Amino acid sequence: MCGIVGAIAQRNVSPILIEGLRRLEYRGYDSAGLALVGDNGLQRRRAVGKVAALADALAASPLDSRLGIAHTRWATHGVPAERNSHPHASRTVAVVHNGIIENHEALRTRLIDAGYAFESETDTEVVAHLLQQQIDAGSSLRQALCAILPELRGAYALAVIDANSPDHLLLARKGSPLVLGVGIGEHFAASDALALLPVTNRFVYLEEGDIAELRASGYEIFTADGTMQQRPVRTSTLSPDAVDKGPYRHFMTKEIFEQPVALAQTLQGRTAHGRVLEACLGPQAEALLARVRNVHIVACGTSSHAGMVARYWFEQIARVPCQVELASEFRYRNPVIAPDTLFITISQSGETADTLEALRHARQSANVAAALVICNAPESSLVRESDIALMTHAGPERSVASTKAFTTQLMALALVMLLMARRSGAIDAEREAELVAQLEAAPRLVEDVLAQNDRIRQIAESLLTKQNALFLGRGPMWPVAMEGALKLKEVSYVHAEAYAAGELKHGPLALVDEDMPVIAVAPRGDLLDKVKSNLQEVRARGGELLVFADAEAGFRDEPGVTVFGMPHGAELTDPIVYTIPLQLLAYHVAVLKGTDVDQPRNLAKSVTVE
Ligand code: AGP
């Protein structure tokens, strides 16, 4: 989604803004722009396409300034075009915005009647004109912002400047993330702290309803009615290089190969002597979990697939009833939440608008005993609004396609499930030790699969001419198949669908012919024979099979059947380990097809609008 950067300093801020935008590229965008206040007043540069195009435009016509705001835009209102790119300006005011102003049409009509001319189709432009209208009536920028915010319906992170007030920059947050960077004699703003790591490691995370005034020498945080707010300054331990590709060509491969370490980090300090430590959910968790009798999981995209895997674990191992659903559906229905429910949200970013609203919606029910979030972003909105947070220690994930976030979410969900299984009496100490040992083995098993990367690259070549693919799995491997299909379509633009293998003969079998590769995830286990029968149905119709299976599961390479031998795993590790070759497969098909792997077309990393 859109990315914001702002800076006020005693040096030229344009390189800081451009570098900040580069670091926000992972969020997904289709145009970029900046506005600076200099000797000639307000100056803007905007370009459709990559930040590199904006940097070229700036190099061709450099601007030197101590105050500026910049933006990457992911189009919502109006096509990607220079006129729709941010910053939007009125006479002396410029604005960048992440979010959606829902009542922009009514505001636009009112402003047009008052004589303001619009150059874009965006919802954001109304904010520039509203501010200008207040300033023209004699307000300061700060007074103007406080006056107009109550008029805006929807979600926003805003950064605004006024050429007539070159000594400050204003921010406002409601529904979209915004962080303030604290420097020495300079201050910054961004949608994500990663954007500012080259200039500071000290951050203040703005909260809902916060407004901030940044000057080179300091900052103030307050609310629209003028009440001053104190927010803690947090020091980040991330180095600026933490978000580099290192020796990898893409963030996606880097993040796939980081999984053994990410999984080990997510487990570290949370188990000891074959037991999951209750302390991993924080001090208040014990009391909150004591009354839990049901689990309800809500998430979007890849994170929802993690929830679907966990549902099998919660019911099969912990014997706790568990429901899973998409946040975008949950938030608009009138759900019946079972009494004493642990409401779990799962999110890499912690800022996904649908998931956040689903949590707020669930909070209206007295049956929610506790809200737990599984998240990779410690300062995110979901973490702040939940009772308990279990962090996945995956490190920053920059590729739009989620990889290490998914497998670490599975690890975290397994820990929660084991705590509940112990509490419900569904497992004894011996069984718990066996399951914890499975989790501890996951990083090594993932490494074994990563070592076969070259073989997956070869298999990817055989898929290059295909337009469609069908993914099959059963039990917890069905959502793994869904995740494989999502990865393939997301990064390689190959149409892919996933089915529970038992559903094949209820419809999708009609699609099977020599042009429809069928990709199956078939670990050893109770359902293996069932999957084998389903795959026979595919072969009998001339379908080509690619089977990811335990080396001892009895599959053999033969014409029309390619078998990729997987390490021998177990119930908690199979969904994690079988995801790896599917991620690699999607990656290699995408590279061979030449797509924009890390920033696939039309997609955004952090979906902060609904
Ligand atoms: C995954 O590859 C996707 N890009 C997407 O489905 C993502 O998982 C979804 O938008 C949810 O994001 P979150 O985990 O940050 O909430």
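Small disclaimer: the values here were computed from a predicted structure and weren't measured.

So, the sheet that holds strand β5 (residues 88–89)
Pairing within the open sheet is antiparallel, and its seven strands lie in the order β5-β6-β7-β8-β12-β13-β14. What marks the edges here is a single partner per strand, and that holds for β5 and β14 (228–229). Note: strand β12 (residues 211–214) against strand β13 (residues 219–222), four bridges, orientation antiparallel. Along β13, the bridge assignment pairs Ile-211 with Phe-222.

Side note on the pairing of strand β7 (residues 154–162)
The buried fraction of β7 is high, at eight of nine residues. Pairing analysis gives nine bridges linking strand β6 (residues 93–101) to β7, with the strands arranged antiparallel. Bridge pairing links Val-95 to Val-160 in β7. Between the antiparallel neighbours β7 and strand β8 (residues 169–174) lie six residues.

Quick word on the site of the ligand
Taken together, the neighbourhood of the ligand is formed by 14 residues, with Ser-303, Ser-347, Gln-348, Thr-352 and Glu-490 sitting nearest. Within the backbone of Gln-348, a nitrogen or oxygen atom sits 2.7 Å from an oxygen atom of the ligand. Here an oxygen atom of the ligand sits 2.8 Å away from a polar atom, N or O, in the main chain of Ser-402. In the complex, 91% of the free accessible area of the ligand, which totals 410 Å², lies under the protein chains. Element by element, the count of residues in the shell around the ligand is highest for helix α9 (residues 301–316), at three residues. For the shell around the ligand, the per-class residue count stands at four nonpolar, eight polar and two charged.

Describing the pattern of salt bridges
Applying the stated criterion across every chain yields a total of 38 salt bridges. Between Arg-423 and Glu-278 there is a salt bridge whose closest N-O contact spans 3.4 Å. Of this pair, Arg-423 sits in helix α13 (residues 404–424) while Glu-278 sits in the loop between β17 (275–276) and α8 (285–289), and the two are 145 residues apart along the sequence. Among the residues examined, Arg-423 registers a relative accessible area of 34% and is labelled partly exposed.

Quick look at the sheet that holds strand β26 (residues 545–550)
Ordered by their spatial adjacency, five strands build an open sheet running β24-β23-β25-β26-β27, and the pairing between neighbours is parallel. Strands at the two margins of the open sheet, each flanked by one partner only, are β24 (495–500) and β27 (561–566). Neighbouring strand axes in the sheet, compared pairwise and without regard to direction, differ in orientation by 20 degrees on average. Where strand β25 (residues 518–522) and β26 come together, five bridges link them in parallel fashion. Residue pairing for β26: Ile-519 is matched across the bridge by Leu-546. Most of the contacts of helix α16 (residues 477–492) go to β24, to which it runs at about 175 degrees, and overall it touches β23 (468–473), β24 and β25. Docked against the sheet, helix α18 (residues 574–593) engages β23, β25, β26 and β27, running at close to 150 degrees with respect to β26.

Some words on the side chain of Ser-304
Mapped onto the elements, Ser-304 comes out in helix α9. Not counting residues within four places of it along the chain, the set of residues in contact with Ser-304 comprises Ala-299, Val-324 and Leu-326.

Considerations on the packing of aromatic side chains
Under the counting rule described, the total for this entry stands at three aromatic pairs. Geometrically, the ring pair formed by Phe-548 and Phe-564 is tilted, given 5.3 Å between the ring centres and 50 degrees between the ring planes. Here Phe-564 lies in strand β27 and Phe-548 lies in strand β26, a separation of 16 residues in the sequence. Phe-548 sits in the buried class, given a relative accessible area of 0%.

Some details on the packing of helix α7 (residues 259–267) against helix α14 (residues 429–450)
Between α7 and α14, whose axes approach to 8 Å, the crossing angle comes to 175 degrees. Taken together, α7 and α14 sit at an angle that is classed as roughly antiparallel. Residues Gln-259, Pro-260, Leu-263, Ala-264 and Leu-267 of α7 lie in contact with α14, whose contacting residues are Leu-439, Glu-440, Pro-443, Val-446, Glu-447 and Leu-450. Of the residues assigned to the contact of α7 with α14, the class counts are eight nonpolar, one polar and two charged.

Points about the domain arrangement of the chain
Splitting the chain by domain gives domain 1 (3–243), domain 2 (251–445) and domain 3 (453–593). Here the C-alpha centre of domain 3 lies 26 Å away from the C-alpha centre of domain 2. Each partner contributes residues to the interface: domain 2 has 31 residues there, and domain 3 has 27 residues. Counting every contact that joins domain 2 to domain 3 gives one salt bridge. With a shortest N-O distance of 3.1 Å, Arg-431 and Glu-571 are connected by a salt bridge. At the boundary of domain 2 and domain 3, one finds eight residue pairs in polar contact (both at pLDDT 80 or more).

How each quantity is defined
Sequence order sets the numbering: in each chain, residues are counted from 1 along the sequence as written. At least 70 in pLDDT is required for a residue's local features to be given in this predicted model, at least 80 for side-chain atom pairs to be given and counted, and no such filter applies to totals for whole chains, interfaces and linings, which use all residues. In computing side-chain values, all of the structure's heavy atoms are included and hydrogens and water are not. Pairing between two strands is assigned when DSSP locates at least 2 bridges connecting them. Helix and strand definitions follow DSSP, with helices as H or I runs of at least four residues and strands as E runs of at least two, each counted in order from the N terminus. Each residue is placed in one exposure class: buried if its accessible area under a 1.4 Å probe, protein chains only, is under 20% of its type's maximum, exposed if it is over 50%, and partly exposed if it falls in between. Note on definitions. A residue lies near a molecule or strand when any single heavy atom of the residue is within 4 Å of it. Pairs of N or O atoms within 3.5 Å make up the polar contacts considered here, provided that, within protein, one atom can donate a hydrogen while the other can accept it, and that residues adjacent in sequence are counted only when both atoms are side-chain atoms. Computed with the Shrake-Rupley method and a 1.4 Å probe, the accessible areas treat only the protein chains shown as cover for residues. Amino acid classes used here: Ala, Val, Leu, Ile, Met, Phe, Trp, Tyr, Cys and Pro are nonpolar; Asp, Glu, Lys and Arg are charged; the rest, including Gly, are polar. When a carboxyl oxygen of Asp or Glu lies within 4 Å of a side-chain nitrogen of Lys or Arg, that pair is called a salt bridge. Here, axes are lines fitted to C-alpha atoms. For helices the fit covers the stretch in contact, and angles between N-to-C directions go from 0 to 180 degrees. The contact criterion used throughout is that any non-hydrogen atoms of two residues lie within 4.5 Å. Pairing of aromatic side chains here covers Phe, Tyr and the six-membered ring of Trp, requires ring centres within 6.5 Å, and sorts the geometry by plane angle: under 30 degrees stacked, over 60 edge-to-face, intermediate tilted. What sets the label is the angle itself: under 35 degrees gives roughly parallel, over 145 gives roughly antiparallel, 65 to 115 gives roughly perpendicular, and the rest give oblique. For every domain, the bounds stem from an assignment made automatically or drawn from a database.

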